[in-house]
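Here are the chains, one letter per residue:
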Amino acid sequence: MPFLFLTAQFDRLYAGLTRMRVRAIGGQLGRHLRVRGGTPYLRNEGRLVIGDRVRLRNEPSRIRLGTGADGAIILGNQVSLNTGVHMFSAARIEIGDGTRIGDNAALFDTSFHAVHQGQTVRPRPISIGRNVWIGRNAIILPGVTIGDHAVVAAGAVVFDDIPARELWRGNPATFVKHVRADDGFLRS
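Within every chain, residues take consecutive numbers counted from 1 along the sequence as written. Since the coordinates come from a predicted model, pLDDT governs what is reported: local features require at least 70, and pairs of side-chain atoms require 80 or more to be given and counted, while whole-chain, interface and lining totals use all residues. Each side-chain value is worked out from all heavy atoms of the structure, with water and hydrogens disregarded.

**Quick look at the nonpolar core**
Spelled out, the test is: The set of buried Ala, Val, Leu, Ile, Met, Phe, Trp, Tyr and Cys residues whose side-chain atoms join them within 4.5 Å is what this entry labels a nonpolar core. Only protein chains enter the accessibility calculation, which uses a 1.4 Å probe; a residue is then buried when its area is under 20% of its type maximum, exposed when over 50%, and partly exposed in between. A run of DSSP states H or I qualifies as a helix once it reaches four residues; a run of E qualifies as a strand once it reaches two. Both are numbered from the N-terminal end. Throughout, a residue-residue contact means that at least one pair of heavy atoms, one from each residue, lies within 4.5 Å.
Judged by nonpolar contacts, the single largest core of 38 residues is most densely connected at Leu-75, Leu-81, Met-87 and Ile-140. Contributions of two or more residues to this core are made by α1 (2-24), β4 (47-50), β7 (72-75), β10 (93-95) and β13 (126-128). Among all residues touching Leu-81, those that are not within four sequence positions of it are Arg-55, Leu-56, Arg-57, Ile-63, Leu-65, Leu-75, Met-87 and Ile-101.

**Structural notes on unusual backbone geometry**
Between Glu-59 and Pro-60 the backbone carries a cis peptide bond, its omega angle lying at 5 degrees. Cis peptide bonds are those with omega within 30 degrees of zero, and the linkage from Asn-171 to Pro-172 qualifies with 0 degrees. Among the structural elements, Pro-172 can be located in the loop between β19 (166-169) and β20 (174-178). With phi around 60 degrees, Asn-104 is a residue other than glycine that occupies positive phi space. Note on Asn-104: relative accessible area 34%, which makes it partly exposed.

**Some details on the sheet that holds β20**
Heads up, the rule is: Pairing between strands is defined by DSSP: at least two bridges between the two strands are required.
Pairing is mixed across the open sheet formed by eight strands, whose spatial order is β2-β5-β8-β11-β14-β17-β19-β20. Strand pairing shows two members of the sheet lacking a second neighbour, β2 (34-36) and β20, which therefore form its edges. Judged from the two bridges that link them, strand β8 (residues 80-81) and strand β11 (residues 100-101) form a sheet pairing that is parallel. By the bridge assignment for β11, Ser-80 is matched with Arg-100.

**As for the environment of Gly-71**
Looking at the secondary structure, you find Gly-71 in the loop between β6 (64-67) and β7. For the pair formed by Gly-71 and Glu-45, sequence separation is 26 residues and the distance between their alpha carbons is 7.5 Å. Here Gly-71 is in contact with Gly-46, Arg-47, Ser-89, Ala-90 and Ala-91, once residues within four sequence places are set aside.

No statement about biological role is implied by the geometric values presented.
Pasting the structure below:
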């Protein structure tokens, strides 16, 4: 029991440190932030918005959120990011309310560098709907839109848009089946 008490005390400390860090780098922060296992790595040159009741789990790997000068990361209310999630935005990454993102998932709205000589890098926004579940080690690439209540299976690499209430898996991610979910359904 003493260990659980200490863990809870450290988690409150991590949440307080994270709140201070978000404000220090010019981010916006909602109420009731929960942080577990350490503080996330945060870099904000653009816009960082964290909604109400967001949960960040940083054990054993830290979450990494970064924005470039024209980038924005917007986390809705009750979003949950698991250990090792990595996001970088040069345009815009928006995560809808109630979305859950699994261990080591990566979301990048830019490829960071050109593939061909003379080619320019063109960041494209990522939009994730409400109550989406993105599984462990999934990769969401620039320009993707994922609809409400969709599920992205573990290890999927998403190049194309995913409609609402669909399960996709694989590399490249492809449709598997429809997801039964009422509008009011929230994953716990």
